[in-house]
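Chains, contacts and geometry: an overview
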Amino acid sequence: MEPRKKQAHVVSAFRRTVIIALVVAGATLTLAQTAERPPVKIGFMVPLSGANAQNGRDILNGFLLLLEETGYQAGGRKIELIVEDDEGIPAVGLTKARKLIERDGVHMMGGALLTSTGYALAPYIESQGIPMVYPVVSADDLTQRRRAKWIIRTGYTGSQPNHPFGEYAYNTLKLRTVATIALDYGFGWESVGGFRRTFEEQGGRITQSLWAPLSIHDFAPYLAQISRDVDAVYALFLGRTALQFVRQYEEYGLKGRVQLIGMGTTTDEHVLPAMGDEAIGVITALHYSGALENPANRKFAAAYRARYKRVPSYYSESMYTGGKWVLAAIDAVKGNVEDRNALLEGLRNARPTDLPRGPVVLDEYGNPIENIYVRRVERVNGVLQNTVIATLPNVSQFWKYNPAEYLKQPLYAR
Amino acid sequence: MDAANLPSNVLRGWRRPVFYALAVLLVVGPPFLSTYWVGLLTQMVILAILAMSLDILLGYTGLPSLGHAAFFGVAAYAVAVLATRYQLGFWTCVLGGIMIGTLCSAAIGLIVSHVRDVYFLMITLAIGMVLWGLSNRWIPMTGGDNGLAGIPRLETHAGLPFAGPIPFYYVTLLVFAVSAGIMALLVRSPFGLTLRGVRESESRMKSLGFNTWLHCYLSFVISGVFASVAGVMWAYYNGFVSPTYLDLTASSELFLMVTLGGPATLVGPVIGAGAIVLLKNVISAYTARWLLILGIVYIVAILGAPQGLWNLGRSKRT
Amino acid sequence: MTPACLALDNVSRHFGGLKAVDKVNLIVQPGERRAVIGPNGAGKTTLFNVISGEVRASEGTIALFGDDVTKLAPHQRAVRGMARTFQITKLFPNLTVMENVLLACEAQDPRRFTMHRPMSSCVDLERRAEALLAQFGLGTFAHDTAKNLSYGVQRKLEVALSMAGRPRLLLLDEPMAGLSSGESESMLAILRNLDSAVAVLLIEHDMDIAFAFAERVTVLYQGRVLTDGHKDEVSANRTVQDIYLGSPIAE
């Protein structure tokens, strides 16, 4: 991880120079043209320091790429982006949101990575009535039992990819017994919960559910507990824990004996380049893959690689796509972002097309209906990638269930 | 005579005008500030209560706690649980928060009041980690890593006729003034002198006939009371709680507030809390390298004012 | 008959194999002025620490005014009327002289737990502190920080602190050590002027000082009581002279 971090800093310094140059150039041009309306201010926050800094940076980079492509312009107004570091600490996130809204006077908000930050911000965003886009926070209830009027999600719910994946695992992968191991927090519970529900409805059986603390440093005790007699192990990790789990899974001789499947984050491109052959063959589900074969993604991935010298991760794509909702909403109100109700309407009704992840529409709860991709890690041209092996189209957060019925049931928990 | 009996001649020289200027700013400033700055000021004032409470322990009694944020966090969690899971009324939540935080410090004080110096540091660190772990893992009660959201606004929960950042600020300021007044009286009291005695020479205190264990214990509990008060206010201010309230980062930042501001002065920690909140929020708005700059600022401050900002120009303690 | 102020019965203290204090018997009567002398390493300071409770006795019993205090902590012994000074000065270095003495004055006052009013409102404690400062000639230093005092003044403060609790038994651990001859004189004058009801047990390396102060002298050698008696008898004792002249004792 270390060398890549360093590289990220270099990139960011370069990027800043480019942005400044662009902004200066753009400002000069507009000033010359017209004495127009002041810029639309967009407040954006993700963790840029601490353990989740890389994921936060990916999200930001995707957004910056989109803004650069569109010339920092929408609805006939310039766009001014104000970025804050929420450090992955909910209280800091709230303070930064207050700063962006109360001091900088932003018209719209975007960002947040962690569920805890997402939940912490929601009441404040509601009280301020500022439209906000959550590109990543995946806590089911944010668009289910604890909906917020002013927040839309352009990402996914934790259980969303897992509902169809559970059925796929039973019907296509022909798995009958699965042991799960996941990080012990909301994202883990909801993802595993979604998988368990559909997998067991099909007739499969979850034989074991292990939960690892977020601070875990050694998987040995957990790997020792996993039964060797199951058809597959389902794993949910990300960042450092993903790297370590997949490596130790091989070291403990489980790779090759028990198929490893899991949530898309476990092999997402934010960690995949740092993995080795131990990752090959892992099958996961998510609404995106860097290797997705469609024109929009080929264009996006190429631009992203050229700009940041990295493969785009699902985090990178999250706000590239989420940003399209932001721009579409500003276009919809013709730049009149001061009318917040209209802006919110514009956001909820936006229908951006040509998205790297494929077609997306928001449901009436403010959550995307989108394709879920089953991906298998392969080495292509010497590089690991998440090759898409199945596309499960138009998946809603409620899967095949009736939303009203679905919402009467409790949230997935441990 | 009178001046000499004050802990450290609080208001001598440049400190007097600075003190009054700060007091005036805190009292009359907010109506002239934007809501964002009122919010930051509210944070500073709440964390100032917390920093002063640690000062009782660290500065006056000489017991370096690296787990002090735990009581702050426990009280905040108590408010959150009582208000959201049990939907209890305002005073039940406030008193419940303070009581649970205090009981927690009273129980832990029994364990830690026997040890000193680096052992005290380590055992408080360990206990702080345990409570942090509990907030993370006692999921049915605490919500785990997600924390608990949905704490009602203080103004509506208390049934106040007014609401908004400025009323909340003044409620906080009132709590701060009362807490600071009590703590200031405490450190000037005969009991307060015994705490400084323990810090200076515990064996001499024993040979004079003091049961120093009891004095350390009381100091620990009192400082737990005020940490709890701050925790209750923090829960209402943010409207949610999360494990980060009581993690090691929180405790060490708190430690820094006291040492940077000037231990054993009470005013110093207030300034330390203000300075750190200000620096974090202002610097991070201008550069992504804010952590680096903050680190440099701390190092310069510690080198330039090893006794803390409020002790600048005073002779060194040995 | 009133009980002895201090009675040590077969008190020993071992550090591993080393018998720092070995079966010491010692009785100090109320108001008595007693010196304990002995060469370096004779176990004087350990004996003191055992009496005051800093160090627990390995065996034997210690009685204070007739009560067994062998298992009590230092502060509990202090409450029973014992006070001590330290050979290496133990003051409250960052507090003023006044605060030092105030602390000593409140040690056995219930107001040590008072939290709701300032120290300055305890007028009688301050009076006592001032009187004590006057008694030890420290009045002019009242507002100085203890660590800034000269060594001689610090030693006086050391004794003043121990007298603040109105003890009935005072243990003095080499109070003259390191003092100039002038300072020694004035310290000796202060010690002589102590309330005659207070029993004083003085540890001294220097025989001249011990003999100038005490009536009765106990000689400690290699952890044992070598002899015990009126100062004239002791000073005439051959063995004692040998020890102090450095000639070896027949083993």
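None of the values given here were measured: they were computed from a predicted structure.

1. Observations regarding the overall build of chain A
From N to C terminus, chain A includes twelve helices and 14 strands. The C-alpha atoms of chain A give a radius of gyration of 21 Å, which matches the 22 Å a tight globule of 414 residues would have. Overall size of chain A, expressed as C-alpha extent along the three principal axes, is 70 × 50 × 40 Å. Sorting the 414 residues of chain A into buried and exposed places 64% on the buried side. At a minimum sequence separation of 6, the contacts of chain A that also span at least 24 residues come to 70%. Element-wise, carbon and sulfur atoms account for 54% of the exposed surface of chain A, whose accessible area totals about 14,900 Å².

2. A word on the overall build of chain B
Helices and strands together make up the secondary structure of chain B, namely 15 helices and two strands. In summary, chain B has a C-alpha radius of gyration of 19 Å against a globular reference of 20 Å for 318 residues, a match within 12%. Residue burial in chain B is summarised as follows: out of 318 residues, 60% are buried. If you take every contact in chain B between residues at least 6 apart in sequence, the share linking residues at least 24 apart comes to 78%. For chain B, the computed accessible surface area is about 11,900 Å², with 75% contributed by carbon and sulfur atoms. Computed over 17 positive and 9 negative side-chain charges, the inter-centroid distance for chain B is 6 Å.

3. A short note on the interface of chain C and chain B
Facing the 42 residues of chain C at the interface are 33 residues of chain B. Both sides together, the interface formed by chain C and chain B hides about 3,200 Å², and carbon and sulfur atoms give 63% of it. Considering only the side of chain C, the residues that lose the most area to chain B are C:H75, C:F92 and C:M115, jointly responsible for 19% of the buried surface there. Inspection of the region where chain C meets chain B yields two salt bridges. In this structure, B:R196 and C:E99 form a salt bridge, with 3.2 Å as the shortest nitrogen-oxygen distance. Mapped onto the side of chain C that touches chain B, the elements with two or more residues apiece are α2 (74-79), β6 (82-84), α3 (97-106), α4 (123-135) and α5 (151-164) of chain C. Ranked by residues supplied to the side of chain C that touches chain B, first place goes to α3(C) with six residues. Among the residues forming the side of chain C that touches chain B, the class breakdown is 20 nonpolar, ten polar and twelve charged.

Here is what the cut-offs are and how they apply
Residues numbered from 1 in each chain as written. Chains lettered and ligands numbered in written order. Predicted model: local features only at pLDDT ≥ 70, side-chain atom pairs only at ≥ 80, totals over all residues. Heavy atoms only, no water. Helix = DSSP H or I, 4+ residues; strand = E, 2+ residues; numbered from the N terminus. Rg over C-alpha atoms; globule rule 2.2 N^0.38 Å. Buried < 20%, exposed > 50% of the residue type's maximum accessible area, 1.4 Å probe, protein only. Contact = heavy atoms within 4.5 Å. Areas by Shrake-Rupley, 256 points an atom, 1.4 Å probe, with all protein chains shown as cover. Lys, Arg positive; Asp, Glu negative; His and termini not counted. Charge placed at Lys NZ, Arg CZ, Asp CG, Glu CD. Buried area = accessible area lost by both parts, 1.4 Å probe. Salt bridge = Lys/Arg side-chain N within 4 Å of Asp/Glu carboxyl O. Nonpolar A, V, L, I, M, F, W, Y, C, P; charged D, E, K, R; others polar.

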